[in-house]
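Report on the structure
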Amino acid sequence: MIELNIARITRIAMVVGVIGVLVAFGLRGPRDAVGFLVGAGLSLITVRSWFKLADAIGASGKLPATGSVVFLVIRYLLIAGAVYATIYVLRSSPAVLVMGLLVSFFAVVLELLFGLSVSKKS
């Protein structure tokens, strides 16, 4: 069984985020670099909160309190507001913002590949 290392996923996501911001700045300019940064930041916050929720469920074996569920719902409303502001106020490209939102997904995939390569060696 592959075990995900949350700290390593966070580091990978941060490195990919910084690289993405630099590439977006070089290719598309400062508005899209900020858009990518916002997307990557939201992505990192979201994946970390999912890991915390999974840890809380795994530790106790029962569902978390109602406050945690309310936070999950409100979080998506806040993300929608941040996406709206980034696209319509900052005039960032939606495609660049979506690429930023995929940073944590990419980090998890890299962690899974790393885990597979380590498990095959042992």
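What this report covers is the structure whose coordinates are included nearby. Treat the numbers as computed from the prediction; the structure is a model and nothing was measured. (Residues numbered from 1 in each chain as written. Predicted model: local features only at pLDDT ≥ 70, side-chain atom pairs only at ≥ 80, totals over all residues. Heavy atoms only, no water.)

Here we take up the nonpolar core. Side chains of nonpolar character tend, in soluble globular proteins, to be buried together. Counting 15 residues, the largest nonpolar core has Ile9, Ala13, Ala24, Phe36, Val47, Val103 and Ala107 as the members making the most contacts within it. Within the residue set of this core, elements represented by two or more residues are helix 1 (6-28), helix 2 (30-60) and helix 5 (103-121). The biggest single contributor to this core is helix 2, with six residues. Ignoring sequence-local partners within four residues, the contact set of Val47 consists of Ser104 and Val108. (Core = buried A, V, L, I, M, F, W, Y, C linked by side-chain atoms within 4.5 Å. Buried < 20%, exposed > 50% of the residue type's maximum accessible area, 1.4 Å probe, protein only. Helix = DSSP H or I, 4+ residues; strand = E, 2+ residues; numbered from the N terminus. Contact = heavy atoms within 4.5 Å.)

A separate point is the pattern of salt bridges. One pass over the structure, following the stated rule, counts two salt bridges. Put simply, Arg8 and Glu111 hold a salt bridge, and the shortest N to O gap is 2.6 Å. Here Glu111 lies in helix 5 and Arg8 lies in helix 1, a separation of 103 residues in the sequence. With a relative accessible area of 24%, Arg8 lands in the partly exposed category. (Salt bridge = Lys/Arg side-chain N within 4 Å of Asp/Glu carboxyl O.)

Tallied over the full model, the rule gives one aromatic pair. The interplanar angle of 40° and the centroid separation of 4.8 Å between the aromatic rings of Tyr84 and Tyr88 together place this pair among those described as tilted. Taken as a pair, Tyr84 and Tyr88 lie in helix 3 (residues 66-89) at a separation of four residues, close to a single helical turn. What makes Tyr84 exposed here is its relative accessible area of 52%. (Phe/Tyr/Trp six-rings, centres within 6.5 Å; stacked < 30°, edge-to-face > 60°.)

As for its position among the elements, Leu42 is in helix 2. Judged by relative accessible area, which is 14%, Leu42 ranks as buried. Here the alpha-carbon distance between Leu42 and Ile79, two residues 37 residues apart in the chain, equals 7.0 Å. In this view, Leu42 contacts Ile79, Ala82, Val83 and Leu101; residues no more than four positions away in its chain are not counted.

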